[in-house]
Amino acid sequence: MATSFDLTLDCADATVLADFWKTALGYVDEPPPAPFATREEWLASFGPPEDEEEDDGAWLCDPDGVGPRLSILKVREPKTAKNRLHIDVRVPGHGSPEERWSRIVAEAERLVRAGGSIVASFDGHHVLMADPEGNEFCVGARSRPAG
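Note that the structure is predicted; figures quoted are calculated from it, not measured.

(A) A look at the pairing of strand β3 (residues 57-61). Within β3, five of the five residues are buried, leaving the element largely enclosed by the surrounding structure. Along β3, one buried face is formed by Gly57, Trp59 and Cys61 and the opposite face, lined by Ala58 and Leu60, is buried too. The pairing of strand β2 (residues 28-29) with β3 spans two bridges and is classified as antiparallel. Directly across from Val28, in β3, lies its bridge partner Cys61. The pairing of β3 with strand β4 (residues 70-74) spans four bridges and is antiparallel. For Gly57, the partnering residue across the bridge sits in β4 and is Leu73.

See the structure below:
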């Protein structure tokens, strides 16, 4: 049995980054863990430092329960280098190479409208992008059918 995992992104503005990644991945805000009614209640149970604010983090999940959870946590230090691990956003991989590339480009354009930026384009294969805080990710086609 495989081990489950979550992904965590450090950030300067958790609200902006959470909104972007919800749009990019179709994720939703993850409900607080039981028995807590709200995330604020859950966070208070840890006795967080007084300088932390409510928007210091966001917790997202795949509404279908398939993809990994995504935690977005506010940190003081800025991003300084290229990510060593990044997210690949995948579009359906069926059809001709031209059809796949058209879907990749359309998805990259959608994510630009959501606040991302295009870093480089590798025609016919993938688009290297950055989220609103400069975290790199790629848009490409699935190599095999989903499921």
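(B) Summary view of the pairing of strand β8 (residues 136-141). Taken across its six residues, β8 has six buried, putting it largely inside the fold. Covered by surrounding structure in β8 are Glu136, Cys138 and Gly140 together with Phe137, Val139 and Ala141, the residues of both alternating faces. Strand direction decides the pairing type here: strand β5 (residues 87-91) and β8, joined by five bridges, are parallel. If you follow Ile87 over to β8, its bridge partner there is Phe137. As paired strands, strand β7 (residues 126-130) and β8 are joined by five bridges and run antiparallel to one another. Its bridge partner being in β8, Met129 is matched across the sheet by Phe137. Hairpin connection, β7 to β8: the antiparallel pair is bridged by five residues, and Gly134 has positive phi, about 90°.

(C) Spotlight on helix α3 (residues 97-113). Taking 1.5 Å per residue as the helical rise, α3 with its 17 residues ought to reach 24 Å, and the 25 Å between its terminal C-alpha atoms agrees with that figure. Those residues of α3 lying buried are Trp101, Ile104, Glu107, Ala108 and Leu111. Viewed end-on, α3 has its buried residues packed into an arc of 125°, placing them on one side of the element. In this structure, α3 carries Glu98 and Arg113 as exposed residues pointing more than 90 degrees from its buried face.

(D) Geometry of the nonpolar core. Core analysis: the biggest nonpolar cluster contains 25 residues, and Trp21, Ile72, Phe137 and Val139 have the highest contact counts within it. Residue assignment for this core shows that the elements contributing at least two residues are β1 (7-11), α1 (14-25), β3, β4, β5, α3, β7 and β8. It is α1 that provides the largest number of residues to this core, a total of six residues. Beyond its immediate chain neighbours, meaning those up to four positions away, Val139 contacts Val89, Val91, Ile104, Glu107, Ala108, Leu111, His125, His126, Val127 and Met129.

The rules behind the values
- Residues numbered from 1 in each chain as written.
- Predicted model: local features only at pLDDT ≥ 70, side-chain atom pairs only at ≥ 80, totals over all residues.
- Heavy atoms only, no water.
- Buried < 20%, exposed > 50% of the residue type's maximum accessible area, 1.4 Å probe, protein only.
- Helix = DSSP H or I, 4+ residues; strand = E, 2+ residues; numbered from the N terminus.
- Pairing = 2+ DSSP bridges.
- Expected span 1.5 Å × (residues − 1).
- Arc of directions from axis to C-beta.
- Core = buried A, V, L, I, M, F, W, Y, C linked by side-chain atoms within 4.5 Å.
- Contact = heavy atoms within 4.5 Å.

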